[in-house]
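Next come the chains, spelled out residue by residue.
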Amino acid sequence: MGKLQLKNLTKTYANNVKAMDDITIDISSGMFGLLGPNGAGKSSLMRTIATLQEPDSGSITFGDLDPLKNPKEFRKILGYLPQEFGVYPRISAEQLLDHLATLKGVSNKGERKDLVHYLLQKVNLFDKRNKSVKGFSGGMKQRVGIAQALIGNPKVLIVDEPTAGLDPGERNRFYDLISDVGEDVIVILSTHIVDDVRELCTSMAVLNYGSIVFNGTPDEGIHELEGRVFEKKIERSELEKYTQNYNVISNRLIGGKPVIHVLGEKPDEDFSAIAPSLEDVFFSKLQG
Amino acid sequence: MFKQFFFSELRYNLRQPMVYLFFFIVFLLVFAANSTDNVQIGGSIGNVHRNAPHVITTFTTVMCIFGLLFAAAFFNNAALRDRKYNFQEILFSTPLDKFGYYFGRFSAALVLSTIPLLGVFFGIALGTLIAPLAGWIEPDRFGPVQLSAFVSNYFLFILPNMLFAGSIIYMLAHRFKSTITSFVGALIIIVAYSVSGQFLSDLDNETLGAMVDTFGNRTYGVISKYYTPLEKNTFNPSFSGLLFWNRLIWISFSLVVLALSYMSFSFAERKTKTKAEKKQHKKEIIDILKPTVHVGKESFGHQFFSFFWINFISIYKHVTFRILFLFSIILLISDLISGFEYFGLQSYPLTYIMTDSISGTSLFVMIILVFFSGELIWRDRDFRINEVVDATPHSTLIPLFAKTLSLFSLTISLHLFFVFMVVCYQLIKGYFQIEFSTYFFHFLYNSFPLYLVTSVTLVAVQVIVNNKYLGYMVSVIIILGLDIILSIMDIQSNMLSYLGSPYLIYSDMNGFGPSNVGVFWFNTYWIIGAFFLLIISGVFWARGSVTSIKERMRFKQGKLNKRYLMLVSIVGVVWVVLAVFVYYNTQILNSYKSSDALEKLAVNYEETYKKYKDAPHPKVIEAKYDIAIFPYEKAANISSKLLMINPYDRAIDTLLLNVSRQWEEEFNFPNASLVKEDEKHNVHFYVFDPPFVAGDTLEVKIKTSYRTKGFANGGASTSIIKNGSFLNNFQILPGIGYDSGKELSSRNKRRKYKLPPKDRMPALEENCGVNCMENYLTNGFSDYINVETVISTSKDQIAIAPGSLLEEWEEGDRKYFRYQVDHPSQNFYSFISAKYKIAKRNWEGVDIEIYHDKKHGVNIEKMLDAVERSLTYYTKNFGPYTHKQCRIIEFPRFSTFAQAFPGTMPYSEAFGFVINLEDEDKNNVIDAVIAHEMAHQWWAHQVVGANMQGGTMLSESFSEYSSLMTMKSIAKTPMEMREFLKYDHDRYLRGRAGELEKELPLYKVENQSYIHYGKGSVILYALQDYIGEDKVNEALSEFLTAYKYTTPYPTSLDFLSYLEPKVPDSLNYLIKDWFKEITLYDNRLISASAILMESGEYEVTLEIEASKIKADSIGNESAVELNEWIDIGLFTDTDEKILMHQKRIHLTNAKTMVTIIADSIPAKAAIDPRHILIDRVYDDNIKKVKID
């Protein structure tokens, strides 16, 4: 199967926010994690790939297909779960999926019914299929969302921040579902949770202010930082001093005291070297 | 706490634009209505001051209904704003004072909701100030600005009405916490209001109707219905009488609602309903294998249907839809079961009456369409499923069309349901002639285009505007506002008015013709136009996450495939072709003038030709017509031979002819030649050479023909149609001489164009001599003449002309009839052709014939009886009938009237023929109308008044009187007649209240129908009660004998000279009071009590109050000395059916005590128990008798 190639994608919104700034990535089959803080442009990129908005410039190709020029063909092989997946009121889960399956070209009524039942069972909602989706909990709704994204064996599956608002159990079930799709499928997963990528993705990119600041496998990222990340527990009052003097990539509280990670040469004896995590990769990339 | 909430709510809203916007809307509307005639609120202002208290009250009460929507906004906000901003949990957890919160907010909303309505007052005040200065309206049309009227309107209507609406909306908002429900609540109030109006459709229920009117609007209408202009200019509505009770009822109601909702209000959140989830059985583990699925090429049909269905069920399951649906059903049912047409009677549930009822629900369907057009277009985005749907491979036009279709299908299912309901109603009523074809064509011509075009247009509007609320606004402007704009711009083309088409009316005789062709093309034009708009709107369809128009359009660029462009151009071309075709037919083939242009033309005509008003003109003394009607071609050829005479003592040298715009006319005047043709006013001048000398006669030949060409903007002529052609002699001949009927008649319009006031009818003269040589019917162009007609029509029809049928023959596919009048008659004829059944009866040598549609046979026997009864009474009491036949001829319901021509009486199918009289053993509308028209065979056709004041008394008053007398002749009790007199009383009192010029005494009536029908009949009826039926009829008969078929024509004074000798001296005052002056009574019964005497009889004591009032022509009234004979009476029953005792007593004092001995117990007592005197308020004449 073909690669999804994004070339020089640029998009500036009316309020002068640069949502995409010359983005070029190749995505091949498997899970691709798109990591970035809130507002980095993840959703804009996802929507652009999902043919829901157009870049100001740049191109996308998937095999011999140009999704920008011929969105209809690309939509046939696309599965998309947007960040906010809403549902119609007064419509049952089965009706909704049936509708979406029809739109995706499953025209045979019997096949469609089987497919919808299969997917509902898969997302563990078969017994609730006649209930109005509007009354579902966030996790249940998200499961309907993934069910719909899987309709029609998509070659490209885009899931935007799928685990926001899910409890840990639901999150795990959700990932089980996604990792179940075929190996030759491109799955693009956008998230701001580093662990998601760590656990699932074979390759990843970090997006900040609309541009790609890292592109590679998680291991590559970690490998790059090997031996260059140091940790120290400090007093709160010292935080400012350290930030000024050292390349602090992250700090967090452990037992009420800040623990800082510093990138670069070992500053002094009180710092201890640690094995870099993907989170360190993420933060270091954000700092550029 | 109260104060804090009150003021903070007030302050918050006063900083928002909404209240000012609403105020401005009201202000602008009222200002426009006050200072121009183009905008009207609650009917035209008429003859009263433009800022009269009556006008202020009318404006206020009407605007209050609009005000409901403002109220909904303010009260809903007051209740739900905290919730909207998710603030309620914070606010409600503070130590709030419930009373202060609840009522503080409420009171502020109440005050706020009345602010926009102050726009009425400002509009009036500013109009008063500006309109005269700007020269829009004459200064004397304004009176002083009456502040007291503003104050009383505020407290009588605005505040209580907003309180009423507010209490309900506030309750709903707190209870349901949904803005939609609040607005639906407002809608419900409007519906309840319109339903309560049904109670008012008959006089009997007037008081009930006045009580149940939630806004006091119609209550005020009932109170003011008999107000004279003077009273309208000066009377302020006040807390008294009906209005007091009405206001009391509804204010109390509001307070109860408010109190109840306060008690049930709590800060605690209502528990959100959680259906107890049924404990799931350990469900069987089913393992569905992943099916093999063929994701083929996406199927247009499947996708379309799926979109359609998911949208259809979402509307159908929507609460708002269900509520609106329910209310349209309630409206339909109330329309079916209530509402009387004539004299408390209803028609059979004919299919066309049912379809009219269905059309009455279209307002609701339109509301549904407006609301759900926005809902449908926005629901994907509102529920955030748009991205998923948009990312599926479907063509953008599919959801666009599917959504439109789902909206349209919904209206279709509603319509089908309504049809089902009314068919059930017909069956329940035992009416089995259900005409499904009528239902079908009604749907095809009316509902289908209305709903289809509206669905399509509103969806397109929502897509293009791309903002739900702005879209709603644009939708409402298109549907309602467009016509206002067009009327201001004086554009009348139906091609621009939303869904404009000629007016289509169904008739049992003629089906949906004759305008159906025009309606069809207009509808096609609108439907294709709407589709064009919809397809175009596809370009603007927001797919994906794009918002601005530029983006939306750019997003589509390059994706506009060839097929789409083909579609756009094909539909566009078809639409343009249609538009050109409609334009050609309505503007070129059948051109018309706008109302402003017509007004100017009338002014111009008057200015140019008025000088010929008194020019001599010949009189017609004999007429021969050769008429060929082609009903299926909608055409007619007529050739007329008129014998004319110069009745003057000088020669006639020129002749002014008013020719027709619709008819082709060709004139052949011997010795006369056309010298001037004024195309603008359709006036031709002929000059006689040699002049037409005095006393000479000449034979004039006129050929006229009519062809229907294409279709017209305003609809086709209803004169010549498939079945039921109806022409009169004025239509088929040119008018001779200056026609003052073409002048502008509205006093205000005449002022606007600086024309002098319109000539009044010539003043009544004694010994009028030569001025009595003209009658008011034919205006001096003929007297009693002989007429012979050959009339032909298609073979399957019967054609009727005046007089006896002498011959009848067929030639080819045509049928010919030759008629001749038996006695020279007024030159006032009708020519009719239709497929008829004829019911015949012979009465003493006179053929009574009723020409009717085969479907309308049910009341024919009753009609024959009524004709016979009239002939009997009139020949016995007035004089012989002069024709050999007496025809009633049914014509299609394009108009609703009956009219008397010599020997023939055309009678509309809409009333009489289809009225349900099964339960009527008494007199009814048919008897009344037929007796009236029959009486015209004497009063109008044997003797007719000279063309001066009082003329119509001799025909219309006498006929209406005669009609009452035939009914009296078969009435079983004296009380039965009161039911019929009631309508004549009402007609008079209402009419004088609406008088635009001036009211005159009966003997000087100037063709004012409320006087000659209403007052004339009541007075003559009362007179025969006072002096005896024989005496009045003797006077009539002697008068008739003296003047029948002769000239000069008589005047009302001539009649009075026959009447006066019949009146005893003691009652001589009646002639003066009733005929020569305007006299009203104000009688009432103060109390009535009875004591059982030892003899077993009852002594009944009545305390009565009587007064006699004289009114002048503008309504100034003054009480005059009382010296009257008035009846008092006792009823055995409370229904006032049996008058057990009646006595005529002489009253000279305002207050009198009267004692009557009754032999059994009376239930009610009354002054003037049979209502024969003109009493402004009759209700207070009757009281229950208190038994001591």
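Residues numbered from 1 in each chain as written. Chains lettered and ligands numbered in written order. Predicted model: local features only at pLDDT ≥ 70, side-chain atom pairs only at ≥ 80, totals over all residues.

Let's talk about the overall build of chain A
When its secondary structure is counted, chain A shows 10 helices and 13 strands. Overall, chain A is about 70 × 40 × 35 Å in size when its C-alpha atoms are taken along their principal axes. Out of the 288 residues belonging to chain A, those deemed buried represent 44%. A sequence separation of at least 24 residues applies to 69% of the contacts in chain A between residues at least 6 apart. (Helix = DSSP H or I, 4+ residues; strand = E, 2+ residues; numbered from the N terminus. Buried ≥ 20, exposed ≤ 12 C-beta atoms within 10 Å, placed from the backbone. Contact = placed C-beta atoms within 7 Å.)

Notes on the overall build of chain B
A count of helical and extended segments in chain B gives 34 helices and 30 strands. By the compact-globule yardstick of 32 Å for 1188 residues, chain B fits well, its C-alpha radius of gyration being 35 Å. Overall, chain B is about 105 × 90 × 65 Å in size when its C-alpha atoms are taken along their principal axes. Look at the contacts in chain B between residues 6 or more apart in sequence, and 74% of them connect residues 24 or more apart. (Rg over C-alpha atoms; globule rule 2.2 N^0.38 Å.)

Looking at the interface of chain B and chain A
Each partner contributes residues to the interface: chain B has 36 residues there, and chain A has 41 residues. If you list the elements that add at least two residues to the side of chain B that touches chain A, you get helix H13 (300-316) and helix H17 (386-390) of chain B. Tallying contributions element by element places H13(B) first for the side of chain B that touches chain A, with 5 residues. Tallied by class, residues from the side of chain B that touches chain A come to 14 nonpolar, 13 polar and 9 charged. (Nonpolar A, V, L, I, M, F, W, Y, C, P; charged D, E, K, R; others polar.)

Brief notes about helix H16 (residues 362-382) of chain B
Residues and elements named next belong to chain B. Between its first and last C-alpha, H16 extends 28 Å over 21 residues, near the 30 Å set by a 1.5 Å rise per residue. Bending of H16 peaks at approximately 35 degrees at the position of Leu376. Counting buried positions along H16 yields 15 of 21 residues, so the element is predominantly enclosed. (Expected span 1.5 Å × (residues − 1). Bend = angle between axes of the 7 residues up to and from the residue.)

Some details on the domain arrangement of chain B
You can read the domains of chain B as domain 1 (2-264), domain 2 (306-589), domain 3 (614-737 + 778-939), domain 4 (956-1076) and domain 5 (1080-1187). If you average the C-alpha positions of domain 2 of chain B and of domain 4 of chain B, the two centres end up 54 Å apart. (Domains from an automatic or database assignment.)

Quick word on the environment of Tyr1043(B)
Residue and element names in this part refer to chain B. Among the structural elements, Tyr1043 can be located in helix H32 (residues 1029-1043). Note on Tyr1043: 21 C-beta atoms within 10 Å, which makes it buried. For the pair Tyr1043 and His1012, spaced 31 residues apart in sequence, the C-alpha to C-alpha distance is 20 Å.

Details of the nonpolar core
In this structure, Phe32(A) and Ile188(A) are the most contacted members of the largest nonpolar core, which totals 285 residues. Looking at this core, the element that brings in the most residues is helix H19 (residues 436-465) of chain B, giving 13 residues. Other than its neighbours up to four places away in sequence, Phe32(A) contacts Ile27(A), Ile186(A), Val187(A), Ile188(A), Leu189(A), Cys201(A), Ser203(A) and Met204(A). The next biggest cluster of nonpolar side chains, apart from the first, holds 62 residues, and it includes Phe59(B), Met63(B), Ala173(B) and Ile189(B). (Core = buried A, V, L, I, M, F, W, Y, C linked by C-beta atoms within 7 Å.)

A short note on the packing of helix H18 (residues 397-428) of chain B against H19(B)
Residues and elements named next belong to chain B. One way to put it is that H18 packs onto H19 with a least axis distance of 9 Å and a crossing angle of 150 degrees. The handedness of the crossing between H18 and H19 comes out as right-handed. Listed contacts from H19 to Leu400, Lys403, Thr404, Leu407, Phe408, Thr411, His415 and Val419 of H18 are Tyr439, Phe443, Ser447, Tyr451, Leu452, Ser455, Val456, Val459 and Val463. Class assignment of the residues belonging to the contact of H18 with H19 gives a composition of 11 nonpolar, 5 polar and 1 charged. (Axes fitted to C-alpha atoms, helices over the stretch in contact; angles between N-to-C directions. Left-handed = near helix turned anticlockwise from the far one by under 90°.)

Some points on the pairing of strand E7 (residues 697-707) of chain B
All names here are of chain B. Here strand E2 (residues 635-645) pairs with E7 via 11 bridges, running antiparallel. Paired with Ser639 across the bridge in E7 is Lys703. When strand E4 (residues 664-668) meets E7, the two strands line up antiparallel, connected through 5 bridges. Note on E7: the bridge partner recorded for Glu665 is Thr704. (Pairing = 2+ DSSP bridges.)

Examining the pairing of strand E15 (residues 830-834) of chain B
For a regular strand, side chains alternate in direction, first toward one face of the sheet and then toward the other. Residues and elements named next belong to chain B. Burial analysis of E15 places 5 of its 5 residues in the buried class, the great majority of the element. The alternating pattern of E15 places Ser830, Ile832 and Ala834 and Phe831 and Ser833 on opposite faces, both of which are buried. Relative to E15, strand E8 (residues 725-728) is paired through 4 bridges, and the arrangement is antiparallel. Its bridge partner being in E15, Asn728 is matched across the sheet by Ser830. The pairing of strand E11 (residues 798-800) with E15 spans 3 bridges and is classified as antiparallel. Residue Ala799 lies in a different strand from E15, and its bridge partner there is Ser833.

Description of the sheet that holds strand E5 (residues 672-678) of chain B
Taken in spatial order, the 4 strands make up an open sheet running E5-E6-E3-E9 (chain B), and their pairing is antiparallel. Each of the sheet's edge strands pairs with one partner strand only, and the pair in question is E5 and strand E9 (735-736) of chain B.

Focus: the sheet that holds strand E17 (residues 846-852) of chain B
Residue and element names in this part refer to chain B. Ordered by their spatial adjacency, 4 strands build an open sheet running E16-E17-E18-E19, and the pairing between neighbours is mixed. On the outer flanks of this sheet lie strand E16 (837-843) and strand E19 (904-908), each paired with one strand and no other. Averaged over all adjacent pairs, the angle separating strand axes in this sheet is 15 degrees, with direction ignored. Sheet analysis places E16 next to E17, joined by 7 bridges and oriented antiparallel. What sits directly across from Ala839, in E17, is Ile850.

Quick notes on unusual backbone geometry
A cis geometry characterises the amide bond from Asp689(B) onward to Pro690(B), with omega recorded as 0 degrees. A cis geometry characterises the amide bond from Thr1047(B) onward to Pro1048(B), with omega recorded as -10 degrees. For Pro1048(B), the position within the fold is in the loop between H32 and helix H33 (1052-1059). Within the chain, Tyr209(A) stands out as a residue other than glycine whose phi angle is a positive 45 degrees. Positionally, Tyr209(A) belongs in the loop between strand E8 (203-208) and strand E9 (211-216). A positive phi angle, close to 135 degrees, is found at Ala940(B), a residue other than glycine. On the basis of neighbour counts, which here come to 25 C-beta atoms within 10 Å, the residue Ala940(B) falls in the buried class.

Examining the confidence of the model for chain B
With 93% of its residues at a pLDDT of 70 or more, chain B shows a mean pLDDT of 87. Across residues 270-284 of chain B, confidence stays below pLDDT 50; counting only partners more than four residues off in sequence or on other chains, it has 2 contacts. (pLDDT = per-residue confidence, 0-100.)

Points about the domain arrangement of chain A
Residue and element names in this part refer to chain A. One can read the domain layout of chain A as domain 1 (4-216) and domain 2 (223-287). On a C-alpha basis, the centres of domain 1 and domain 2 stand 34 Å from each other. Breaking the side of domain 1 that touches domain 2 down by element, the ones donating at least two residues are helix H7 (194-200), E8 and E9. When the residues that make up the side of domain 1 that touches domain 2 are grouped by side-chain class, the tally is 7 nonpolar, 1 polar and 1 charged.

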